[in-house]
Each structure stands twice: as structure tokens, then as C-alpha cells.
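Listed below, chain by chain, are the residues.
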Protein chains: 4
Amino acid sequence: MKAITVRPPESGASIEEINIGESGSRVKIIENGICGTDREIVKGIMSAASAPKNYDFLVLGHEALGILEDDAGDLKKGTIVMPINRRGCGKCINCLNGRADFCETGDFVEAGIKGMHGFMREYIYDDPEYLVPVPSQIRDIAIMAQPLSDLEKSVAEMMDVQDRLHWRCKDATYGCRKILVIGTGTIGILFSMLLKTYGFDVSIANRRGPTDVETRIFDEIGLKFVNTSAHSNEKYDGVIEASGSDASVIGYAIARLKNNGFLGLFGFTQSGTLSLSPVDLQSIVYRSISITGLINGQKPHFEMAMNHLTQWKTQYPFTTSHFITRSVNISDQKSVIDALENRIPGEIKTKILW
Amino acid sequence: MKAITVRPPESGASIEEINIGESGSRVKIIENGICGTDREIVKGIMSAASAPKNYDFLVLGHEALGILEDDAGDLKKGTIVMPINRRGCGKCINCLNGRADFCETGDFVEAGIKGMHGFMREYIYDDPEYLVPVPSQIRDIAIMAQPLSDLEKSVAEMMDVQDRLHWRCKDATYGCRKILVIGTGTIGILFSMLLKTYGFDVSIANRRGPTDVETRIFDEIGLKFVNTSAHSNEKYDGVIEASGSDASVIGYAIARLKNNGFLGLFGFTQSGTLSLSPVDLQSIVYRSISITGLINGQKPHFEMAMNHLTQWKTQYPFTTSHFITRSVNISDQKSVIDALENRIPGEIKTKILW
Amino acid sequence: MKAITVRPPESGASIEEINIGESGSRVKIIENGICGTDREIVKGIMSAASAPKNYDFLVLGHEALGILEDDAGDLKKGTIVMPINRRGCGKCINCLNGRADFCETGDFVEAGIKGMHGFMREYIYDDPEYLVPVPSQIRDIAIMAQPLSDLEKSVAEMMDVQDRLHWRCKDATYGCRKILVIGTGTIGILFSMLLKTYGFDVSIANRRGPTDVETRIFDEIGLKFVNTSAHSNEKYDGVIEASGSDASVIGYAIARLKNNGFLGLFGFTQSGTLSLSPVDLQSIVYRSISITGLINGQKPHFEMAMNHLTQWKTQYPFTTSHFITRSVNISDQKSVIDALENRIPGEIKTKILW
Amino acid sequence: MKAITVRPPESGASIEEINIGESGSRVKIIENGICGTDREIVKGIMSAASAPKNYDFLVLGHEALGILEDDAGDLKKGTIVMPINRRGCGKCINCLNGRADFCETGDFVEAGIKGMHGFMREYIYDDPEYLVPVPSQIRDIAIMAQPLSDLEKSVAEMMDVQDRLHWRCKDATYGCRKILVIGTGTIGILFSMLLKTYGFDVSIANRRGPTDVETRIFDEIGLKFVNTSAHSNEKYDGVIEASGSDASVIGYAIARLKNNGFLGLFGFTQSGTLSLSPVDLQSIVYRSISITGLINGQKPHFEMAMNHLTQWKTQYPFTTSHFITRSVNISDQKSVIDALENRIPGEIKTKILW
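J.: Could you clarify how one ought to interpret the overall build of chain A in this entry?
T.: From N to C terminus, chain A includes ten helices and 20 strands. The C-alpha radius of gyration computed for chain A amounts to 20 Å, which stays within 12% of the reference 20 Å derived for 354 residues, consistent with globular compactness. For chain A, the spread of C-alpha atoms along the three principal axes comes to 60 × 40 × 40 Å. If you take every contact in chain A between residues at least 6 apart in sequence, the share linking residues at least 24 apart comes to 71%. Accessible surface, chain A as shown: approximately 12500 Å² in total, 49% of it carbon and sulfur. Treating the 38 positive side-chain charges of chain A as one cloud and the 43 negative ones as another, the clouds have centres 4 Å apart.

The structure is reproduced here in C-alpha cells:
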């Protein structure tokens, strides 16, 4: 079958015929999403990328929708499904309980990234256990469920960590808890929508002012905008770092936290150094700050993502109608390769259609 | 009545007659413990120290045992009690739920430290709500319950934070979880005893080898000893920083963590700088590390501390018989002031007897 | 203003001009829902019904949508809001934490039922803390949020209780857990939708076969139908009693439970006696059964209800378009009184429009 | 080796030489405890009792202490150990997570009771995973850890269930929560000690007045005594049924519960019928009552039991010195058989010494 392949650590992607042995229920892929990780692999700068054992290539792609070609488990033929991208090590207690996001051994595989062929191809064959059904009404935006699943897990983890104290407000909601999301890209917007849905008081930040489209999106969701270049003494109960920018942003984030504050690190910092003095470190102690790394969603988080996308399609029509920035057809090979190499300005999600 | 007073930010301590208005049940103080914070206040280097409103002095002391002089609430006259040292702001949801350790406003007071007279005096008058009964069988070591209460809270918080994942082992205990406690002082030893009691696999670390007494203590409790000066690739599910030494120890601690590891910061780092590179920061993210400040125990933690001290008195007779390093009588003014100014080598706890 | 009033324990309802002193933000009522409790009060058979102190009448109604007439707190003028129906005692720790559903003293009040004027009137004046904003896109069905809030709380409580064990499946979802909802009325359908949204395997039961509309609803949601008149050995991880029928149904429910099963009692049994033999009682013990009463939702549950109704409007268009069975205009006094006295066949919700 | 055997459903016990193949670390049994279940098996009235597959006899005994004869896992030769009595099915998610107490399939085995040879014999051979180390200081009373482990689990489960609401008091302890333990036998006393240790306000009940020894025990622990034959309107936040008497006691218990009350069923009711009217059933609903079956402790509960027995030995010397009512030597065959057949008045625990 036709597939998009890479050969890490080499740069470049190809569209080629492949022949790989797989078993399981056959799913015809209808579309893939492209994310920053795909582009890092194509650029040859993602050091963790690796082909599956016994292969000299890796099929790219960890965001996909497909159609189930036969009944499988509780799923009926014709159901639109999204395959789960990370699969557990089969040994540690977290993986044995369906939580490969907390794999202890590090021996998990990730489709299109590490040790497992990805989903950018005509068909996959899979165990129905790893296929999440998609409500047909959100077929157009459901590709967002994969990145959103990571955030569903992250927000759930934040609430788990903060259960160390009384974090619900006097009215038992989260309405008094102020969260700052740093980054206005795809991840920043989805994080903000999700936190708003859980009832938090959410601000979204960038070091530049918002574009017109961003302003309309923030207004529709009910977000406050914060320009991190401007001085501020505003404090937050939680900060989510979703920009992956310079390490200094983490120092900025710590300084924004209230007592008992939670700093969630989601973005992959690429440059700079974070320096913490004894005063900074003492402040983490006596103010009961928690700094926690957030990564990967598993099956329950995909299910939650489907629920939330369905809700948001009704509730936030402007925002959800801007989720898909561009679609390229697999037959248009030049555009596909271009989309895998370059992000377009203002992009939320670029899709490849099969 | 007679009291030990300080006048922060000035250095020095006095034993003097004071006259302060208080209401509540009268408790005759029988002994106080001295800790590092007391000595920092006496040295004039504890910046947070402050006298109560309308006073130009502060009675020192946050570790005390006393005898209740009349029935009060459910407590009978003659009961040995320990007063709780931190009192809530009365406004935030944590303080309203008895959790001043997570005070949100910062408007809590702390006996002998911040805005509230301490317990180094002949009598205190207090609400029985803040008096924790002490089993008479542990009267000799019960002064340890105040520092231990902070650790009870800290270990409970660690387990709360780690509830974000499956942290119990396949046999539902914590026996497979390895914890490294950095620091072999009073706090390090108490932390290790407590973690061992909860079933963890505990190692205790110092940058020097253990003394003979330490070796016997570690053997009795069942601790492994780690010399942090030696190279090691050993990894831990959790690290508790209880040494308060140079910031570099935190870098050491992060490097020792397994996937999903928990780093609890309890010690107050006094020097150095912690520098984290992008690789370090990315590792916190993709390995789901949590770094959390740990401070202060409240009433339930005092109760747990009494239970554990009672258990340990039977189970660890060598260790518990070494808890009290020195006792000085309040009538021996020179020794009292000396004890407030200087830690003796090998000290676990120095007491003042009234 | 005009209001619908009752005088418990007398039967009958009136539409009359009233004059009651209230303070707070003014909300113009736009519609009310009628539920079984309203009809019991009108029939004079609801023994708990009582007028507010100093009043000889009670304004009926605990389900309402209104429009906020001025900015209030974070809410803007013109926002559609739903007032919360139960208000806490202000004394117990649950009420002080926004959880009047678990009021310990019993001194809570309930709008239109117990000690507080209800919402069937032209205006209410209220603290914005008790007003839940309604997404404008679900204005047509949002009246369902009040009954749904009770179920949001109930399902959350079920999951809290079952956290006593490992209730999530090997894939970390609830997909392997089978729940039987007894009752196909408004409550039974809403419970089933909610449980399905949380990923459970849901069956809905009645002692008769389903109507055509019910069949289409069950198909759309993905429910299995169980006729309780037929013999069955099928077992469930949980049973929700939502029928309020004869006590014998509870015996039926207990017999349907697997080991560790949860029986949630939501319906108000009206007749019969539940008899449990020693064998029945022993079985509850050695099979770790939990039987728990479920009642009332508070503010976080209203917020969750709004989210779920928004999701369901997209996902279950047939079902949600059948939520509102009938609307009567307040000006049509005869129809209003008739609607308050009689349920029509197949009714899901009857509304009064103002 | 020599063993005490039974042949259910026949009555009677024998001391005989047996030859059974087992593998694992060898543990020399030093003593066994006898409980009510053993006596029911010996009487032939315990219907669940069964020999292991391929055997026509069952070695009796599920309470044992032994000495490990070689190093095994982390345990050293010579360690006193207690074997865990229930072993999981190896299939369901609870058993795979070390929680055979919540076995879903029912295919667990129980030493000396159901499908697994018990511990009343010279040696057992076992996996060290199932051997819990015993502090040498409590060797005399450690046999109580097996029954206590069941209660450790039960109290933990009660607290898990009650986490559905705010159950901690305004001072964050359980001091305001009143628990009634019904039954003053071994189980009732141990339950009361444990609840007291967790800080609850505990009453213990019988339908007769206390004996002198009981009075001294209740005084030492700080228990209130309730005579259930006397009329009382006293209400409790929780009731633990530990008497296993007539079903009517459960009706009594439900009537004693406050709003949100928890009724834990631990005793095996042997006679009578519990009849609940619609008013009773409605009250369970609108008062949010939870009735939950409590059974079996697993490894973490054995560890907690060891901790608590160690604490209590110091704290409650009168009570703990009355734990062991009688010891019979295995060489005194007549006394052993008598002890297996008959409970002596005032018995807390009878031991068989090897």
C-alpha cells in the first residue's frame, strides 16, 4: 500500500509503496493530521525517532481517522475510528492498567515516532481495543482529538496533583481558580478551551498581541489575553507552559504563581537556561509550589476528547470552524511534502486526505 | 510569667518576665524543643520572623509539651498536650477546612516565628481545638511530634501527588518504590522512619559516610545508606531533599529520578544556583517528573505523629532512645542561651525543661 | 408580580399576584419546567413541602431559565441563567464547601419545595453565586439541566464510592463495566445518556417493552433494553434504581449485581416492602456490595449538565429534540393548571413559558 | 509433616501426617490462631469450605506465624513472618493489582477455607511475596494481625466511600465523626481500637452490659459503651455491624445513622429478616445513606496491622495483654481438638503452639 515514510535520523519524507505484515481489524485511513513532531522527524532533528525493529524505514503519522471495514469487538463496520498512538510496554503496572502515558520502563512504542509504524498510509490493521469511535457529527474536526487527548490527560493530572489541597472553591466549582496558559498555538487554544469547560478562570498569553482571528477565538471562548512582554503582578493558581519557547518563560511562570500554585510543563523548551537562586528554591518550598511534567493521553482521554469536541462544535462554532487551516490530498504529492516540511502562518491544523 | 523572648530582626534571646493577655484553657509548659529555625531567629537571620501585633517582642518556641490544668472540650485535666504551632488566616478555603499548611492568603501566624507568641514560657492559654493529646507512654520523646507532623503532611502530600498514576506496586504495597532521603539530620532520620513505616524501600544519603550511631540507627530501621559523593547510576521513584544544603543537590536529585519520579523539597537551600538546560527541562516533561514544595503539618498530622512515635518506641528502641541528645533546665540560664545559639555535634533534639 | 403558588399541605395551585421582599440581581424568568415533585405538592401529598418562614404560601417551581437584567459578578446583562434550587444551611462543613447536597443538619432550603420561594414567577432576585450561565445554543433544552444536575452528582458519587476498588478496566476506561438503569422515564433516559458519555456499557430497563419513540432514543444513544418481567441471569457492575416503583425492584436490583457491585437508589419507592434474609445480607458482605442513596446536584453539577446538554444536542439530535414534550403559556391559565396536575403520556418535560 | 486436617462438608478435625507437594521458601510454623470460621468448618456448617483440587482433605488454618528458614527476596532467614490467607484469581484487574479482597471472578482461594491448604501444619512453602514480616517485639500478639488486616481494609474502605463528601471535620481530623461499633467480641474491640487510632469518636455496643475486663479495656482505649437494649436517639456518622447477630440489628443500625451516614456490614447475620418499608427506603435516598459490605484484607492491610499492633502494645498494655486468652500445644492433641470445637467464655484469641 501507499505510505508516507521517513528514515530517521535522516531528513526527508517519501511517499512510497510499502509491504508490512500486520494483523488485526482493517481500518481504511481517511485523513491524517500533521503536528510539530512530524515536522521535526522530517527535518531529522527529533532524536527519539526510530524505525520499528527489523525495518529500515518508519511510516510517519500519529494523528489519524479511519473507517472500520468490518465489525470488531463492540464496534460496527463503517464506524469512524481514531487509533491510539502510544502503546504500553506490557510490563509495568501503569501499562498493565491502560496508562502507557506513565510507562515506567520507557519501553512503550509510539506510532510514527518510536518503534511503531505510523498512520500515514492507506490502511492499518489493529486491535479494536486501540480504536476509539468518533461521533459522525464531528468527523470534520475529530482529527483534533489526538492532540486534545494529551491535554485531557494533562488537565486531569493537574487536578489529581492539586487534590493535595482544597482546590475547589467555596461554591465547589473551580470558578475562583485562575489559570494562565502560555502559548496561543493549537495546544494553547485547546488547553484554554478545556480549562474553561472545567469552569476555571482562564487567561491565555503570548509575548505579542493577538491576531484578529485569535481575538475572535478568545472572545468566543471567554478567555482573557495576557501579553507577557508587559509588566504584570497578576498571580495565578496554575500556569500551563504550552509554548515550548526559551527556558526563561519557566522562570516567568514560577513568578506568576500564587501560594500552592501548580506549574504544568507541556511545551518542549528549546533554548536558554533556567536559573533558580536559593530564594527562588525556598519560595517553592514555603509556598508549596508544584512543578509537574505533562505528557500523552491514553484511551479514556481520547474518549473525553471526543465528548469535548462534540460539545465545542455546538458551543464555539467560530473557533471550531477555524480548527482546520488547510487540507492537502495525498495524490498531490508536492503539497503533501510541502505541508510536512513547513508550517503555514496562523496554522491550527493541516490535514492530509486519503 | 517567665519566658524566652527575641526581638527580630535583632539577634539574641532573653529570659525575662512577661505579661501578655491571652484567653483559653491554661496549659503548664513542661518542655520545649529547639530547632534550627529557633537558632536562626536568635541569630537574627530569619527574615520572616516577626512579633505579634502591638508587641515589641516575640516569645520564642514552636515545639512544646504541657499539662492541661483543667478539663477542656474532650480533654481531661492533667492530659499531656502539644500545642499546634501554625494557625490559619480564617479566610481561605484551606484554613477554613483546618489546613493552614495550605493557607492561600499567607496571613497565617506561627507560634514563636511569625505574628504569634511562642511556647517557651511557663504557661500558655489556648483553645483546646489546638491542643493535641499525647499518650503518656511517649512523654519522653513526644517533643519530636512537632517536627514529625511536618513530615507526616509531606509524605501524605507525596502520596496525593503520585495518585496521578498507579504508584502502588503489583502487591498493592509501596514495597517496590524506592525513595532516597537526602540528609541524615533529625529531619532525614524521621522522614526515613516514616517512609519505612509506609512500606517504601528507603535509602538515606549524606555527602560523608555515616557515624557509628547513624549506622546503628540505619540498621535498626532497615535503611540503605548512600554516599552522594560517590558516583551512582541508581534511580529512585522519589527523592526527598531534607538537607537544605547547596542548590546543586537539587540537580543531583532530579538526575536520580526514575520516570514519573517525585522530588519533594523540604530543606531550605541556602547557597548556590540550580541551572536547568533545555535537555533537563524536556526530561521533566517527557518523564512526567513532579517537583513539589513540602511544608507544615496540621492537626491530623500531629495525631499521626503521636501514633507513629508510639509505634516506633516499641519497634526502634535504639533510635528512639537517641532522639533526645541533651536536656537543659530553664533555671540554668547560661546553658539555655547556649543551647539556643549552638547546635552540638550529633544532635537530634535538645530540650528545655521547665 | 404574577406567580404560581401553593399552600401545603393543601392541594391545588393558583396563579396570583404576590409581593415578596427579596434582594439580589434581578432575573426575568423565561420558562419553568414541571417535574413529579411539583405535581406531588399540587396534589398535597408531598409531606416535606413547606412555605418559607413568615409566609402562608409557597411559590412553586425549582426548574427555571431566566435572563439576567444587569451585570452581576462575572455574568453580563442578558445572559441566560439557571438558578440553583437547593441552598445550604450555612453551618455544616459540606454546606460551607458548596455541597448542600450533603447537608448534615437538614437545615437546607429548596426553592419551590421547602422553606424557599420557587421560580414560577415573573422575576427572581438572587445572588449571582447561585446563577449558572446557559450557553445560548442550548436555550431550547437547557431546562433539563436542573434534573440532569442531580444525576451528574449521582454518577460522580457512584464513581467516588467505587474508587474503593479498581473500577476502571484494563484499558483505563469504564468500557467493561455494565450498568443497568431501571426506569425509562426522564430520569432513566438522562442517567443512561450520562453513563454512556462516561464510557460505561449501559442497559435501560422497564417492566414493559419500549415504545417506538423509546426504541429510537435507545438506538441513538446506544443503549441495550432489558424487560424486567422476563427472567434473566445477566449481572451488572452497577444498577441505578430510577423508577421509584415497588420496593421489590430493589430486591431485583441486588440480585443483578456482580461482586463489588454498586446499587444507587435515586427513585422514591412508594409501595411494597424489601425483605432481606440472612443469605441476602451475607451476600452483601462477602460480595462487597454497596447500596447508596443518591440525591441533589450543586453548582459544579449544573455546570457539568450544561456541558453535557451542549454535547448531546450535536450528538443525539433525535433524543434531544424529544426532550420538550409540551409547552404551555402562563397566560393560558387553564392549561398551566392542567399541566401542573397531570402528566401526559410519553412526557419527558413540560415547560411553562413566561 | 504433621497437620490439622478437615474433610468438608464432613464435621470433625484430625491431626495427621500429610504429604503435599508445594514449592517456595520454607517457613516453620510457630503458632496458629483459631477463629470462628475454623470452628464452623470443624462443625461442618461452613458451606463455602472446600479442599484444594485433587485432594480429599483440607489443611485447616488461616492465621499463622512462622520463621523463614532461608533468605527469600528482601526477607532474611530467621525473620518471623505471617502468610497472607487469600490469594487472587490471577485474571481480574483487582487481583492483578494485589487486591484479591475485591476479586471479581470469585476464583480466589483462601488458605484453610476454600481451595488452598491452610497453615495448621509444621511447615509451609510459599512465595515471599505472600509473607509479611513481623516486628520481633510483637511476636506475642502478632497473630492478631490476620483478623486485624480485614479491619484495616474495612476502615480504609469506609473512608474511601465517605470521600464522596466532606467527611473530615473543620479541624481536618475525624474527631467530630461518631462511629458506633456493634459487637464487643475480638472483631468489635479491634475495630474500635483502629477507629480510635484514626481519630474517630468511637462507641462500642452490646445488647448486654460490659464485663469487668471489657470495662477496663474500653476505658483504656477511650471508648463509650452503648447498651443496645436501652432506648436511644443517639445518632452516628457511621455504624459498623460486627456482631453477626439477628438481621434486626441492621434495622437498628440504619435507624442510628445521621445524614450521609455509612453502615459497614462486617458480621455474617445468621437469623431473622430485615424488612424495609418505603419510608425506610426513601430515607436511605434523601439522607444519602451508604450501606457497604466489608471483607478481607490484603498485603498493605497486613503491613498496617503490624504497625498498629506495635503502636498498641505500648499504648494499650492492658488490652493487648488480654489478646491471647489461651494457648494449647500441638502435642496436646485433646486440647487442640477441644479448642477447635469450642470457644471459651471471654475468649479473644486462642492459639495453637507448634
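J.: How should the sheet that holds strand β1 (residues 2-6) of chain C be read in this particular structure?
T.: The strands that make up a sheet are held in pairs by hydrogen bonds between backbone atoms, and each pair lies either parallel or antiparallel. Residues and elements named next belong to chain C. Ordered by their spatial adjacency, three strands build an open sheet running β2-β1-β4, and the pairing between neighbours is antiparallel. Two strands in the sheet have a free side with no partner beyond their single neighbour: β2 (13-17) and β4 (58-59). Strand direction decides the pairing type here: β1 and β2, joined by five bridges, are antiparallel. When the bridges of β2 are listed, Val6 appears paired with Ala13. Seen against the sheet, helix α10 (residues 333-341) touches β1 and β2 and runs at an angle of roughly 140° to β2.

J.: For this particular structure, what's the right way to read the state of the cysteines?
T.: If you walk through the whole model with that rule in mind, you get four disulfides over all chains. A sulfur-sulfur distance of 2.0 Å marks the disulfide that ties Cys169(C) to Cys176(C). Residues Cys169(C) and Cys176(C) share a disulfide whose torsion about the S-S bond is about -95°; that sign makes it left-handed. Taking the relative accessible area as the measure of exposure, Cys169(C) reaches 4% and is therefore buried. For Cys176(C), a relative accessible area of 39% gives the class partly exposed. Free of any disulfide, Cys95(A) has its nearest neighbouring cysteine sulfur in Cys103(A), separated by 3.7 Å.

J.: I keep staring at the relation of the copies chain B and chain A and nothing clicks. Help me out?
T.: Two copies of the chain are present, and they differ by a rotation about an axis and a shift along that axis. In the superposition of chain B on chain A (RMSD 0.0 Å, axial shift 0.0 Å), the rotation amounts to 180°. These values place the two chain copies in the arrangement generated by a two-fold rotation axis.

J.: Which parts of the structure should I look at to understand the packing of aromatic side chains?
T.: Taken as a whole, this structure holds 28 aromatic pairs over all chains when the rule is applied. Their ring planes at 50° and their centres at 5.5 Å tell us that Trp167(A) and Phe200(A) sit as a pair that is tilted. Placement of Trp167(A) in the loop between α3 (145-162) and β12 (178-182) and of Phe200(A) in the loop between α4 (186-197) and β13 (201-206) is noted, with a sequence separation of 33 residues between them. Across the pair, Phe200(A) and Trp167(A) agree in class, each one buried. Ring centres 4.6 Å apart and planes at 20° place the aromatic pair Tyr174(B) and Phe200(B) in the stacked group. Of the two residues, Tyr174(B) is situated in the loop between α3 (145-162) and β12 (178-182) and Phe200(B) in the loop between α4 (186-197) and β13 (201-206); the sequence distance between them amounts to 26 residues. Each of the two residues, Tyr174(B) as well as Phe200(B), counts as buried. Among the aromatic residues, ring-to-ring pairing joins Trp167(A), Tyr174(A) and Phe200(A) into one connected group.

J.: What am I meant to see in helix α8 (residues 299-315) of chain B here?
T.: Count 3.6 residues to each turn of an α-helix, and residues three or four apart come out pointing the same way. Look at α8(B): 24 Å from first C-alpha to last across 17 residues, which is about the 24 Å you get at 1.5 Å a residue. Taking burial as the measure, the 17 residues of α8(B) include 14 buried ones, the bulk of the element.

J.: What should I look at first to understand the pairing of strand β12 (residues 178-182) of chain C in this one?
T.: Residue and element names in this part refer to chain C. Burial within β12 is extensive, with five of its five residues counted as buried. What you see with β12 is no split at all: Lys178, Leu180 and Ile182 on one side and Ile179 and Val181 on the other are buried throughout. Of the strand pairs in this sheet, β12 and strand β13 (residues 201-206) are connected by five bridges, and their pairing is parallel. What sits directly across from Leu180, in β13, is Ser203. Each parallel crossover has a hand, and for β12 linked through helix α4 (residues 186-197) to β13 it is right-handed. Summarising the sheet, β12 and strand β15 (residues 236-241) pair through four bridges and their orientation is parallel. Bridge assignment links Ile182 to a residue of β15, and that residue is Glu241.

J.: For this particular structure, what's the right way to read the interface of chain B and chain A?
T.: Accessible area lost during the coming together of the parts is what is often quoted as the interface size. Each partner contributes to the interface: chain B provides 54 residues, whereas chain A provides 54 residues. A buried area of about 4200 Å², summed over both sides, lies between chain B and chain A, and 58% of it is on carbon and sulfur atoms. When the area that chain B buries against chain A is broken down by residue, the three leading residues are Arg164(B), His166(B) and Val285(B), summing to 15%. Taken together, the links from chain B to chain A amount to four salt bridges. Arg164(A) is the partner of Glu157(B) in a salt bridge, and the nearest nitrogen-oxygen pair spans 2.6 Å. Inspection of the region where chain B meets chain A yields 22 residue pairs in polar contact (both at pLDDT 80 or more).

J.: Is there a simple way to explain the pattern of salt bridges in this structure?
T.: Close approach of charged atoms allows side chains with opposite charge to pair. For the structure shown, the criterion picks out 92 salt bridges over all chains. The partner of Arg177(B) in a salt bridge is Glu104(A), with the nearest N and O atoms 2.8 Å apart. Here Glu104(A) lies in the loop between α2 (93-96) and β8 (109-111) and Arg177(B) lies in the loop between α3 and β12, a pairing that spans two chains. Judged by its relative accessible area of 3%, Arg177(B) is buried. Judged by its relative accessible area of 25%, Glu104(A) falls in the partly exposed class. Across the salt bridge formed by Asp237(B) and Arg177(B), the nearest N and O atoms sit 3.1 Å from each other. On the criterion of sequence distance, the pair formed by Asp237(B) in strand β15 (residues 236-241) and Arg177(B) in the loop between α3 and β12 is long-range, its members being 60 residues apart. Note on accessibility: Asp237(B) and Arg177(B) belong to one class, buried.

J.: I keep staring at helix α5 (residues 212-221) of chain B and nothing clicks. Help me out?
T.: All names here are of chain B. Among the residues of α5, those classed as buried are Glu214, Ile217, Phe218 and Ile221. Down the axis of α5, the buried side of the element spans an arc of 95°, and every buried residue falls inside it. Summarising the geometry of α5, the exposed residues directed more than 90 degrees from the buried face are Asp212, Arg216 and Asp219. Elements in contact with the buried residues of α5: α4, β13, β14 (224-227) and α9 (317-321).

J.: How do you make sense of the environment of Gly346(D) when you look at a structure like this?
T.: Residue and element names in this part refer to chain D. Within the element layout of this structure, Gly346 appears in the loop between α10 (333-341) and β20 (349-353). We classify Gly346 as exposed; its relative accessible area is 61%. It is 8.9 Å that separates the C-alpha atoms of Gly346 and Thr211, two residues lying 135 residues apart in sequence.

J.: Hey, could you run me through the side chain of Gln162(D) in this one?
T.: Residue placement: Gln162(D) occurs in helix α3 (residues 145-162). When residues no more than four places from it in sequence are discounted, the contact partners of Gln162(D) are Trp167(D), Asp237(D), Asn260(D), Gly261(D) and Phe262(D).

J.: Explanation requested: the packing of α3(D) against helix α8 (residues 299-315) of chain D in the structure shown.
T.: For any two helices packed against each other, the geometry comes down to the angle between their axes and how far apart the axes lie. Residues and elements named next belong to chain D. Direction vectors running N to C along α3 and α8 enclose 110°, while the axes themselves pass 8 Å from each other. Regarding the angle of α3 to α8, the classification is roughly perpendicular. At the point where α3 passes α8, the crossing takes the right-handed sense. Touching Ala145, Gln146, Leu148, Ser149, Glu152 and Lys153 of α3 are His301, Phe302, Met304, Ala305, Met306, His308, Leu309 and Trp312, all from α8. Considered class by class, the residues forming the contact of α3 with α8 number eight nonpolar, four polar and two charged.

J.: Got a minute to help me understand the sheet that holds strand β9 (residues 115-116) of chain A in this structure?
T.: Taken together, the three strands give an open sheet; going across it, the order is β7-β8-β9 (chain A), and neighbouring strands pair in mixed fashion. Each edge of the sheet is formed by a strand with only one pairing partner; in this case those strands are β7 (86-87) and β9 of chain A.

Rules of the game
- Residues numbered from 1 in each chain as written.
- Chains lettered and ligands numbered in written order.
- Predicted model: local features only at pLDDT ≥ 70, side-chain atom pairs only at ≥ 80, totals over all residues.
- Heavy atoms only, no water.
- Helix = DSSP H or I, 4+ residues; strand = E, 2+ residues; numbered from the N terminus.
- Rg over C-alpha atoms; globule rule 2.2 N^0.38 Å.
- Contact = heavy atoms within 4.5 Å.
- Areas by Shrake-Rupley, 256 points an atom, 1.4 Å probe, with all protein chains shown as cover.
- Lys, Arg positive; Asp, Glu negative; His and termini not counted.
- Charge placed at Lys NZ, Arg CZ, Asp CG, Glu CD.
- Pairing = 2+ DSSP bridges.
- Axes fitted to C-alpha atoms, helices over the stretch in contact; angles between N-to-C directions.
- Disulfide = S-S within 2.5 Å.
- Buried < 20%, exposed > 50% of the residue type's maximum accessible area, 1.4 Å probe, protein only.
- Least-squares fit on C-alpha atoms with pLDDT ≥ 70 in both.
- Phe/Tyr/Trp six-rings, centres within 6.5 Å; stacked < 30°, edge-to-face > 60°.
- Expected span 1.5 Å × (residues − 1).
- Right-handed = clockwise from strand over helix to strand, strands pointing away.
- Buried area = accessible area lost by both parts, 1.4 Å probe.
- Salt bridge = Lys/Arg side-chain N within 4 Å of Asp/Glu carboxyl O.
- Polar contact = N/O pair within 3.5 Å; in protein donor to acceptor, adjacent residues only side chain to side chain.
- Arc of directions from axis to C-beta.
- Parallel < 35°, antiparallel > 145°, perpendicular 65-115°, else oblique.
- Left-handed = near helix turned anticlockwise from the far one by under 90°.
- Nonpolar A, V, L, I, M, F, W, Y, C, P; charged D, E, K, R; others polar.

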